[in-house]
Amino acid sequence: MQQSRIAHQAWRALEGMTPTRADRGGMKIALVSPLIESVPPVLYGGTERIVSILADELVRQGHDVTLFASGDSVTAARLVPCCERALRLNPNVRDIIPHHLMMLDEVRRQADDFDIIHFHNDLLHFPLIPTLNRPTVTTLHGRLDIPDLKPFYARFCDAPLVAISNSQRSFLPQGNFVATIYHGLRKDTLSFTPVPKGGYFAFLGRISPEKRPDRAIEIAARTGVPLKIAAKVDRADQEYWEEVIRPMVANNPNVEYIGEINERQKSEFLGNALALLFPIDWPEPFGIVMIEAMACGTPVLAFRCGSVPEVIDHGVTGYIVDTIDEAVAVVGNLLRLDRMAVRRRFEERFTAERMTRAYVETYRRLISLSEEPVLIQDSTLMRRASREQISLSPRGTS
């Protein structure tokens, strides 16, 4: 790998080309966020939260970052506002597609200013990629088990992709995945709580059939441990809330629904919980709430779906189960887990620094590949460089 980098720099020098920012260590990076939520989100919004963390950490590590996002975003990067405010919280917005298409047009107009463009949108930008004349990469944040996606990614098979778990990418074996990069959080965002004061189980996220809050309520009822549910209800899930979950909450006096909470409230909510219940019933691509709980030292009781076995270290940061009976049976052991060990494992595996280093290395590889006219397999350029006394030094890695 190092020889390939040196050879690449030799070719650039022989052609009279100046080193790129990637060669020197710093890069001009465009991050393109969905416009549904602000960056970071005021309330719920996993994708936008990760984009915010990545943007700020890239700036901290010395890169020149431009963020395409909603106008109410707050970032250390240069912000290009692509709508006045987050679309979900704007009552005047009826259709999100026009806003995203206008943002992509702005990305196209500014594309030549960047070394690489990193998309965090779903699908709309893929036809644009061949016209940008710049390296791109797309992080896929959603589920990939939907049949309609297979012909789509077969059509755009050259576009470089990043998965957020190996489970997620397993549904798209034909995808052009260049890396799997787990999400990360800033170490100081959520406080470690060595002794929880709440005496309750926590359920955090979204009320929907695939998140299975009904399982969480049943676990609480059978164990006698109070349950607090902090979750949003999307319009698409309103019927499920009204017909299934709201009656269950009303019929269980130890269950409390407190609604959607913001980032400031999250640390106290998760930190004072005995455990986080994550009883999902779908191929979860990652599940940020699991590492948010771990950052607080709070163990996780999760069902074996999607990314769960990649994120949870069974018997260390939580327990992985297959049934409600198993969940009820392991509660005693779950509550005896060492919360400091839970926090320590978070710091080892899921920090913003670790995530950003992985993305920086991916950017550099893609930029290098985009600039090489041929795949260098021999030492011809190295010998030419030596004869012409070209001084070479390999690019640093992060």
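Residues numbered from 1 in each chain as written. Predicted model: local features only at pLDDT ≥ 70, side-chain atom pairs only at ≥ 80, totals over all residues. Heavy atoms only, no water.

## Observations concerning the sheet that holds strand 13 (residues 318-321)
Link 1 in the chain: A sheet is described by the order of its strands in space; here six strands give the open sequence 10-9-8-11-12-13, paired in parallel fashion. What marks the edges here is a single partner per strand, and that holds for strand 10 (255-257) and strand 13. For this sheet, the mean angle separating the axes of adjacent strands, direction not counted, is 20°.
Link 2 in the chain: Contacting strand 8 (200-206), strand 9 (227-232) and strand 11 (273-278), helix 9 (residues 263-271) crosses the sheet at an angle of about 145° to strand 8. (Pairing = 2+ DSSP bridges. Helix = DSSP H or I, 4+ residues; strand = E, 2+ residues; numbered from the N terminus. Axes fitted to C-alpha atoms, helices over the stretch in contact; angles between N-to-C directions. Contact = heavy atoms within 4.5 Å.)

## Quick word on the environment of proline 309
Link 1 in the chain: Mapping proline 309 onto the fold places it in helix 11 (residues 308-311).
Link 2 in the chain: Sequence separation between proline 309 and isoleucine 320 is eleven residues, and the spatial gap between their C-alpha atoms is 7.3 Å.
Link 3 in the chain: Residues in contact with proline 309, not counting those within four places in the same chain, are Arg304 and Ile320.

## Digging into the nonpolar core
Link 1 in the chain: In this structure, Leu31, Met294, Val300 and Tyr363 are the most contacted members of the largest nonpolar core, which totals 61 residues.
Link 2 in the chain: If we skip the residues at most four places from it in the chain, tyrosine 363 touches Met27, Ile29, Leu31, Leu54, Leu58, Ile116, His118 and Val137.
Link 3 in the chain: Residues Leu35, Cys83, Leu144 and Tyr153 belong to the second largest nonpolar core, which totals 30 residues. (Core = buried A, V, L, I, M, F, W, Y, C linked by side-chain atoms within 4.5 Å. Buried < 20%, exposed > 50% of the residue type's maximum accessible area, 1.4 Å probe, protein only.)

## Re unusual backbone geometry
Link 1 in the chain: With omega at -5°, the peptide bond leading from valine 39 into proline 40 counts as cis.
Link 2 in the chain: Inspection of the secondary structure puts proline 40 in the loop between strand 1 (28-32) and helix 3 (46-60).
Link 3 in the chain: One non-glycine residue, asparagine 133, adopts positive backbone phi at about 55°.
Link 4 in the chain: Locating asparagine 133 in the fold gives a position in the loop between strand 4 (116-119) and strand 5 (136-139).
Link 5 in the chain: Relative accessible area serves as the criterion here: at 63%, asparagine 133 is assigned to the exposed category.

## Let's talk about the confidence of the model for the chain
Link 1 in the chain: On average, residues of the chain score 89 in pLDDT, and 86% of them are at 70 or above.
Link 2 in the chain: Of the regions scoring below 50 in pLDDT, residues 1-18 engages in 42 contacts with residues more than four places distant in sequence or in other chains.
Link 3 in the chain: Note on residues 374-398: pLDDT under 50 across the span, and 39 contacts to partners over four residues away in sequence or across chains. (pLDDT = per-residue confidence, 0-100.)

## Let's talk about the pattern of salt bridges
Link 1 in the chain: Inspection of every chain in the model, using the stated rule, returns 24 salt bridges.
Link 2 in the chain: Across the pair arginine 345 and aspartate 313 runs a salt bridge, and its minimum N-O distance is 2.9 Å. Of this pair, arginine 345 sits in helix 13 (residues 339-349) while aspartate 313 is found in the loop between helix 11 and strand 13, placing the two residues 32 residues apart along the sequence.
Link 3 in the chain: In this structure, arginine 345 and glutamate 348 form a salt bridge, with 3.1 Å as the shortest nitrogen-oxygen distance. Here arginine 345 and its partner glutamate 348 are both found in helix 13, three residues apart, which amounts to about one turn of the helix.
Link 4 in the chain: According to the relative accessible area criterion, arginine 345 is partly exposed, its value standing at 25%. (Salt bridge = Lys/Arg side-chain N within 4 Å of Asp/Glu carboxyl O.)

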